[in-house]
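# Understanding the architecture of this molecule
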Amino acid sequence: MTQTLDQIFVIALQRLLGLLPVAVRPLASAILCVVAILVVFPLLFAITTWLERKGLGRMQNRLGPNRTGPFGLLQPVADAIKSLTKEDIVPITADHVVHFLAPLVLVMAAFLAYAVLPIGRNMVLVNMNAGVLFFFAVGSTVELSVFMAGWSSRSKYSLLGAMRAVAQMISYEVPMVLATIVIIMEAGSLSTVAIVEKQAGYTGIFPHWFVFTPWGFMGFALFMIAATAESNRSPFDLPEGESEIIAGYYIEYSGFKFALFFLGEYLGMFATSGLAITLFLGGWSAPFSFLTWIPSYAWFFAKLLVLIGAFIWIRGTLPRLRMDQLMNLAWQYILPMALINMLVAGIWHFMPVGPIRWLVCSVLLAAPCVVLSFTLKRKKRLQVRTYYFAE
Amino acid sequence: MTVIFLILAVLTVAGTAAAMGMRNAVHCVLALTLGFAGVAALYLQLDAQFVGFTQIMVYVGAVAILAVFAIMMTHSPTSVQLPAYSTHWLAGGFVAAAVFAVLAWAIRASAASAQPLPPQPDIDVQQIGDALMHRYVLPLEIMGLLLTAALIGAVVIAMDRKEEIK
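Below: a short report on this structure.

## Comments concerning the packing of aromatic side chains
Two numbers describe a pair of aromatic rings. These are the distance of the centres and the angle of the planes. Residue and element names in this part refer to chain A. This model, assessed by the stated rule, comprises 25 aromatic pairs over all chains. Seen from their ring centres, Phe45 and Tyr266 are 5.4 Å apart, and the 55° between their planes marks the pair as tilted. Of this pair, Phe45 sits in helix α3 (residues 25–59) while Tyr266 sits in helix α11 (residues 255–279), and the two are 221 residues apart along the sequence. Given the relative accessible area of 6%, Tyr266 is considered buried. Plain terms: the ring middles of Tyr249 and Tyr250 are 5.2 Å apart, the flat faces sit at 85° to each other, and that makes the pair edge-to-face. When its relative accessible area of 4% is taken as the criterion, Tyr250 is described as buried. An aromatic cluster is defined as three or more aromatic residues linked by ring pairs; in this entry it consists of Phe45, Tyr249, Tyr250, Tyr253, Phe258, Phe261, Phe262, Tyr266 and Phe270. Above the face of the Trp151 ring, Arg154 is positioned so that its terminal group lies 5.0 Å from the ring centre. Directly above the ring of Trp348 sits Arg357, whose terminal nitrogen or CZ lies 3.9 Å from the centroid.

Following this line, the structure appears as structure tokens:
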């Protein structure tokens with residue numbers, strides 16, 4: 001029974017394919033899986049917009065959307081209808097072709113990343129050997145679409161936003177990849193499915209997730225900071241800082257194209273969260289051995305919702321960083337910590353199993369963390385700011 | 001010669017040709033990116049996953065962005081647009097055809113092309129990793145050291161700049 005419930009989507013797909021002639025089965029299987037992803041994740045996007053507005057509203061001591069449907073639950077539908085019926089305005093000086101292509105490239109890249117995420121047991125679109133590499137390769141095309149959007153609009157604000165966004169994404173991609181390397185070192189594979197399987201066992205009732213090791217925990221923290229910056233979310237939302245450059249690179253987009261940018265951004269956030277779950281939080285495996293009867297995909301989405309909740313919480317809590325603070329954080333703190341983390345993961349691998357390994361690796365990580373924080377803090381001399389790029 | 005190969009080849013050639021022919025420098029870079037992506041897809045079609053994804057990551061993700069930044073930093077939109085085409089297109093075409101002919105002749109006549117192709121080995125990322133970590137570990141370490149030094153050097157240069165201006 002548990003087995004059937006766990007594999008219900010896989011079995012349903014097999015049954016459905018059984019009805020078709022053998023020749024078209026591979027194609028039909030691919031199309032069905034793609035359609036499932038195209039339906040489920042935009043739905044999750046709709047739910048998240050509601051959750052975010054409600055959550056932020058509560059944190060800011062207001063109600064949030066409450067007019068459409070019970071508890072404002074139909075707000076995403078209203079938003080979708082609104083953005084679909086709005087006029088699509090393209091600036092007269094804009095580069096029309098590039099302006100049109102930018103949101104398409106963004107959404108396409110965002111959707112492609114889901115191809116390698118194992119959503120449940122046996123539920124992955126493509127189980128390729130180079131899964132993690134594919135994820136980052138696809139993710140790097142997002143930068144190009146952001147640049148296309150900012151440049152083609154021929155607006156100062158959008159160009160500034162695009163420059164900020166691209167600089168930020170490039171800076172944070174380095175520590176993000178370096179933070180995942182520890183997992184690849186330990187798992188010995190780039191395949192997302194193999195990495196999840198590596199974490200599937202239990203000691204007593206506790207799982208073997210990589211986050212429950214000193215280097216895994218540090219890697220997870222660094223990865224999540226970098227992921228927040230990659231998806232341009234608060235406190236790293238400088239590319240669309242409303243008080244400075246209005247909406248950044250998509251300021252000249254309206255109607256459905258604006259909605260596409262929103263969709264792409266959220267899909268990117270879900271995908272990086274999904275990768276964090278796959279790499280550090282055991283993918284679809286249950287957090288305790290006595291909870292394995294709950295289907296694997298339910299665990300994946302539960303973890304995803306928890307991470308989304310954390311993102312919303314952070315957005316409601318932290319103020320926006322300044323550009324130099326953002327860059328300093330990436331290059332002076334996260335990057336060295338990621339490099340040290342790699343070293344510690346190597347030491348962990350070659351030390352005998354036991355509490356001594358735990359102690360040594362924790363100290364080796366905590367000490368540089370503290371030292372780096374204090375040296376960087378001491379270097380800050382508080383004085384009258386001199387602006388050397390603006391008068 | 002499959003249909004997919006033909007589509008990808010046309011895409012790649014069209015992208016790189018447009019990169020040479022377009023008037024706007026940013027358009028050129030975007031067209032070139034299409035060419036890069038086409039080449040990556042060709043690698044993937046040959047089952048070379050590692051090379052294909054690295055091509056996307058390095059060329060589409062980094063080199064294209066670098067080129068675009070370089071153009072934006074140096075190129076003012078109000079400057080006079082120089083004609084992108086040379087007026088001597090006939091001579092240029094002749095030189096291109098001659099170079100192609102020489103290369104094609106050299107490849108046809110070489111000893112390597114006369115040998116029958118060995119059976120295609122089934123290489124996956126795991127094997128590439130094994131080779132890098134065992135047989136080629138010294139070159140890999142040297143490259144890694146060089147790149148890390150370059151990375152830290154870039155950070156140091158960026159840090160010093162602030163002091164100089166003050």
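On we go.
## Comments concerning the interface of chain A and chain B
The interface of chain A with chain B comprises 34 residues on the first partner and 30 residues on the second. Across the chain A/chain B interface, buried area totals approximately 2,800 Å², and carbon plus sulfur atoms make up 77% of it. Applying the counting rule to chain A against chain B returns 0 salt bridges. Along the contact surface separating chain A from chain B lie 2 residue pairs in polar contact (both at pLDDT 80 or more). Mapped onto the side of chain A that touches chain B, the elements with two or more residues apiece are α6 (131–152), α7 (156–187) and α13 (323–350) of chain A. It is α6(A) that provides the largest number of residues to the side of chain A that touches chain B, a total of 11 residues. Across the side of chain A that touches chain B, the residue classes break down as 20 nonpolar, 8 polar and 6 charged.

## Details of the pattern of salt bridges
All names here are of chain A. Inspection of the entire model under this criterion finds 6 salt bridges over all chains. Across the pair Asp79 and Arg53 runs a salt bridge, and its minimum N-O distance is 3.0 Å. Of the two residues, Asp79 sits in helix α4 (residues 75–85) while Arg53 sits in helix α3, which places them 26 residues apart along the sequence. Classification of Arg53 by relative accessible area gives partly exposed; the value is 37%. Here Asp88 makes a salt bridge to Lys257, at a shortest N to O gap of 3.3 Å. With Asp88 in the loop between α4 and α5 (96–112) and Lys257 in helix α11, this pair connects stretches of sequence that are 169 residues apart. Given a relative accessible area of 12%, Lys257 falls into the buried group. By sharing partners, the salt bridges in this structure join Glu52, Arg233 and Arg315 into a single network.

Conventions used here
- Residues numbered from 1 in each chain as written.
- Chains lettered and ligands numbered in written order.
- Predicted model: local features only at pLDDT ≥ 70, side-chain atom pairs only at ≥ 80, totals over all residues.
- Heavy atoms only, no water.
- Phe/Tyr/Trp six-rings, centres within 6.5 Å; stacked < 30°, edge-to-face > 60°.
- Helix = DSSP H or I, 4+ residues; strand = E, 2+ residues; numbered from the N terminus.
- Buried < 20%, exposed > 50% of the residue type's maximum accessible area, 1.4 Å probe, protein only.
- Lys NZ or Arg CZ within 6 Å of the ring centre and 35° of its normal.
- Contact = heavy atoms within 4.5 Å.
- Buried area = accessible area lost by both parts, 1.4 Å probe.
- Salt bridge = Lys/Arg side-chain N within 4 Å of Asp/Glu carboxyl O.
- Polar contact = N/O pair within 3.5 Å; in protein donor to acceptor, adjacent residues only side chain to side chain.
- Nonpolar A, V, L, I, M, F, W, Y, C, P; charged D, E, K, R; others polar.

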